[in-house]
Amino acid sequence: MDLEDHVGDVLMKARVQAGYGLDAVAAVAGLSAAELAELERTGRTARPPNYGSLGRLLDLVPEKLETLARGWRPAPVDLSRWRELRMFTTRAGDFSVNSYLIWDEVTREAALFDTGFDAAPVLETIETERLQLQHVFLTHGHSDHVAALEAVCGRHARARLHSGSRSAPLHQRLRPDEFIPLGNLRISYRETPGHAEDGVTYLIGNWPEDAPPVAVVGDALFAGSMGRVPGDAASAREVIRRQILSLPPETLLCPGHGPLTTVAEERAHNPFF
Ligand SMILES: [Fe+2]
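Residues numbered from 1 in each chain as written. Predicted model: local features only at pLDDT ≥ 70, side-chain atom pairs only at ≥ 80, totals over all residues. Heavy atoms only, no water.

Participant: Requested: an account of the packing of helix 4 (residues 51-58) against helix 5 (residues 62-69), with residues and values cited.
Facilitator: Two packed helices can be described by the angle between their axes and the distance between those axes. Running from N to C, helix 4 and helix 5 cross one another at 120°; their axes reach a closest spacing of 8 Å. With respect to their mutual orientation, helix 4 and helix 5 come out oblique. Two packed elements cross with a definite hand, and for helix 4 against helix 5 that hand is right-handed. For the pair formed by helix 4 and helix 5, the contact residues are Tyr 51, Gly 52 and Gly 55 on the first element and Pro 62, Leu 65, Glu 66 and Ala 69 on the second. In terms of residue class, the contact of helix 4 with helix 5 is built from four nonpolar, two polar and one charged. (Axes fitted to C-alpha atoms, helices over the stretch in contact; angles between N-to-C directions. Helix = DSSP H or I, 4+ residues; strand = E, 2+ residues; numbered from the N terminus. Parallel < 35°, antiparallel > 145°, perpendicular 65-115°, else oblique. Left-handed = near helix turned anticlockwise from the far one by under 90°. Contact = heavy atoms within 4.5 Å. Nonpolar A, V, L, I, M, F, W, Y, C, P; charged D, E, K, R; others polar.)

Listed below in structure tokens is the structure:
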């Protein structure tokens, strides 16, 4: 799976976060505005920019930018370590979004994290694995993540819906101290606002055979990048550092777009941190 963001996307997001126009950043990068625009659009330029100066201006780590520009990808994750975890990538036109299904191997109780665009592959897995969908957890309310909610809940009316939204009815709202069992698995949550005001990261622990913990992060963090932040970008980065990158290094990170990654990979390679 391709990264959600190439090095040009990362530069563009950081430039917008910092409030700079193309001309100011191009001058620092040693490029023309047209060359920087091309780099932001395609991730490539005829001449390499000065990543050192760019990083200092945009609060990005220059070495990590260069590694990303050279084609870094997170090491492929062997999902067989988490036998009761499935990743679904569904599409609408040019857009794709990830959702995740987990279950307990004995009780067959299941939980879905975001619905994606199309409920069919999730519903099919629930059927073939003979699961009972108990919970639907939303990482945030953006339309691509919840598009198939009606289709899922229509077939599994008893599943409880959870989100970080303040406008959700009280019985659906999560509490920070809430700890939800799913058979032997344990689900908890951390608030991760920034990309979305209602952004939540779900942690799933106590996997069989000591498989590492899993964090479903929505669009807070992508492999090598982060989701667009409409508001205060510095506090969004701080939230990610505190709530996600502080997890054990082997934690599997499941983003809303792009490939799976780990806390160790992102600490070592994400230019925003
Ligand atoms: Fe989003």
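Participant: Describe the domain arrangement of the protein chain, listing the residues and the values that go with them.
Facilitator: Partitioning the protein chain into domains gives domain 1 (7-69) and domain 2 (79-269). Taken together, both faces of the contact between domain 1 and domain 2 bury some 840 Å²; the carbon and sulfur share is 43%. Together, Lys 13, Gln 17 and Lys 64 form the three largest contributors to the area buried by domain 1 at its contact with domain 2, with a combined 66%. Residue Asp 59 pairs with Arg 237 through a salt bridge whose shortest N-O separation is 3.7 Å. Along the contact surface separating domain 1 from domain 2 lie five residue pairs in polar contact (both at pLDDT 80 or more). Here the side of domain 1 that touches domain 2 takes five residues from helix 1 (residues 7-18), the largest share from any one element. (Domains from an automatic or database assignment. Buried area = accessible area lost by both parts, 1.4 Å probe. Salt bridge = Lys/Arg side-chain N within 4 Å of Asp/Glu carboxyl O. Polar contact = N/O pair within 3.5 Å; in protein donor to acceptor, adjacent residues only side chain to side chain.)

Participant: Quick rundown of the environment of Glu 35? Include the residues and the values.
Facilitator: One can find Glu 35 in helix 3 (residues 33-42). Setting aside residues no more than four positions away along its own chain, Glu 35 makes contact with Thr 45 and Arg 47. Reaching out from Glu 35, the side chain makes a polar contact with the backbone nitrogen of Ser 32 at a distance of 2.8 Å.

Participant: Explain the sheet that holds strand 1 (residues 85-92) to me, and be specific about the residues and the numbers.
Facilitator: Taken together, the five strands give an open sheet; going across it, the order is 1-2-3-4-5, and neighbouring strands pair in mixed fashion. The sheet terminates laterally at strand 1 and strand 5 (160-162), the two strands that pair on one side only. The average undirected angle you get between the axes of adjacent strands in this sheet is 25°. As paired elements, strand 1 and strand 2 (residues 95-103) share eight bridges and run antiparallel to each other. By the bridge assignment for strand 2, Arg 91 is matched with Ser 96. (Pairing = 2+ DSSP bridges.)

Participant: Quick rundown of the coordination of the iron ion? Include the residues and the values.
Facilitator: Every protein donor of the iron ion is accounted for by His 140 (NE2), His 142 (ND1), His 195 (NE2) and Asp 219 (OD), and the metal-donor separations fall at 2.2 to 2.4 Å. Here the iron ion is ringed by four donor atoms whose angles at the metal span 84 to 176°, and the overall shape comes out irregular. Mapping the donors of the iron ion onto the primary sequence gives the spacing H-x1-H-x52-H-x23-D. In this pair, His 142 is assigned in the loop between strand 4 (132-137) and helix 7 (143-146) and His 195 in the loop between strand 7 (185-191) and strand 8 (200-205), connecting sequence segments 53 residues apart. Residue classification places His 142 among the partly exposed residues on the basis of a relative accessible area of 33%. (Donors = N, O, S within 2.8 Å, 3.2 Å for Na, K, Ca; no water. Tetrahedral: all angles 85-135°; square planar, octahedral: opposite > 155°, others 65-115°. Buried < 20%, exposed > 50% of the residue type's maximum accessible area, 1.4 Å probe, protein only.)

Participant: Run through helix 6 (residues 120-128), naming residues and quoting values.
Facilitator: Buried within helix 6 are the following residues: Val 122, Leu 123, Thr 125 and Ile 126. The arc that holds the buried residues of helix 6, viewed along the axis, is 160°, so those residues lie on one side. In this structure, helix 6 carries Glu 124, Glu 127 and Thr 128 as exposed residues pointing more than 90 degrees from its buried face. Buried-residue contacts for helix 6 involve strand 1, strand 2, strand 3 (109-113), strand 4 and helix 8 (149-155). Residue Arg 130 follows helix 6 closely and has a positive phi angle near 55°. (Arc of directions from axis to C-beta.)

Participant: Got a sec to walk through the pairing of strand 8? Specific residues and values, please.
Facilitator: Burial analysis of strand 8 places six of its six residues in the buried class, the great majority of the element. Residues of strand 8 alternate between two faces, with Val 200, Tyr 202 and Ile 204 on one and Thr 201, Leu 203 and Gly 205 on the opposite face, all of them buried. As paired elements, strand 7 and strand 8 share six bridges and run antiparallel to each other. In the strand pairing of strand 8, Arg 186 is matched with Gly 205. Pairing of strand 8 with strand 9 (residues 214-218), which is carried by three bridges, proceeds in the antiparallel orientation. Bridging from a neighbouring strand, Tyr 202 pairs with Val 216 of strand 9.

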